[in-house]
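A closer look at the structure
The lines below spell out each chain.
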Amino acid sequence: MGQGSPINDGEMYEFGATVADQMNAFLQGDRREAAPSRLPAQMPGGSIEACDYRKKLESMSPDDRVSATLECLGRRGTFRDILYGLLVFCQEEKTYPEIEAHVREFAEFHRNRQSERRYVHLLLRTGALEEIELDEDGEVLTEAAKQRAVEEGLDPEDLDLLVCDWRVVTTEVGKRVLAEFSPASRMRALLEGSPDKTEALLQVLAFCEAPRFMGDVVEHFRGTGILGFDEGSRQPIQPSSYMDKLDKAGMVAWNGSYWQVTEEGRAFLREYRVA
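Analysis parameters
Residues numbered from 1 in each chain as written. Predicted model: local features only at pLDDT ≥ 70, side-chain atom pairs only at ≥ 80, totals over all residues. Heavy atoms only, no water. Helix = DSSP H or I, 4+ residues; strand = E, 2+ residues; numbered from the N terminus. Buried < 20%, exposed > 50% of the residue type's maximum accessible area, 1.4 Å probe, protein only. Phe/Tyr/Trp six-rings, centres within 6.5 Å; stacked < 30°, edge-to-face > 60°. Lys NZ or Arg CZ within 6 Å of the ring centre and 35° of its normal.

1. With respect to unusual backbone geometry
A negative phi angle is the norm for most residues apart from glycine, just as the trans form is the norm for most peptide bonds. Within the chain, Arg113 stands out as a residue other than glycine whose phi angle is a positive 55°. Mapped onto the elements of the fold, Arg113 is located in the loop between helix H6 (107-112) and helix H7 (116-126). Overall, Arg113 belongs to the exposed group, its relative accessible area being 76%. Positive phi outside glycine occurs at Arg234, with the angle close to 60°. The topology assignment puts Arg234 in the loop between helix H12 (214-221) and helix H13 (239-248).

Structure (structure tokens):
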């Protein structure tokens, strides 16, 4: 988890998930705002107010939550596949140890150097994932159970003490995002938006069914004219341009050593070839 550090005017800053919530700060993956000139606690008579993301969610419609989640997925390329993968993985309830193990399987995880739970937190904030609180017996901690505990003398401020574990599950908002942001949907949108590039995109994708270095792709398409020419400069379009588009569509992935088609990419090619 990231930790706070001395802040100067205009610097980017990062905090861990808990501190970020308390200060209503953006996490590193958001890459949105420069630090304010002063923190709330440094302002005359000011103090840091705790900010619970769940309170903000209450004022957001389902459509707002979907939009916020799509924005989150598209904000940082190295986070994208992990976040999308979590929505897929958590369609059935998962424990945090299960989630942490799953996140560590992504090549991007090791390059990002972020906590496994950082990614969960980003999706909790948009309402695409939700935590299910469990009591000491592993049963769901309901609002009725919390109310009984208060009636029996527990201070409302201490209700968190009743929570002994959590399960995490994809919400209906998250399922909507899965449909809209699926690799197949992104690839179809890419082809529909660039019909003149369809054949080139599919040929590059098919070439990457075997592991490929970028140099392999460059050499394979060199002088073929298949990738076309830039309308402005009339220079050949570089293979890296197509790889970038396919990567953003979730059709290929870089594993740290080479490029290769993803399972979704293989499925898309099978569907396209049948069609």
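2. With respect to helix H11 (residues 198-207)
In terms of residue burial, H11 counts as a mostly covered element, since seven of its 10 residues are buried. Here H11 has its buried residues at Thr198, Ala200, Leu201, Leu202, Val204, Leu205 and Phe207.

3. Points about the packing of aromatic side chains
For the structure on display, the rule yields five aromatic pairs. With centroids separated by 5.0 Å and ring planes inclined at 65°, the aromatic side chains of Phe79 and Tyr119 adopt a geometry described as edge-to-face. One end of the pair, Phe79, is in helix H4 (residues 77-89); the other, Tyr119, is in helix H7, with 40 residues separating them in the sequence. When the ring centre of Tyr96 is taken as reference, the NZ or CZ atom of Arg117 above it lies at 4.0 Å. Sitting over the face of the ring of Phe181, Arg186 holds its NZ or CZ atom 4.0 Å from the ring centroid.

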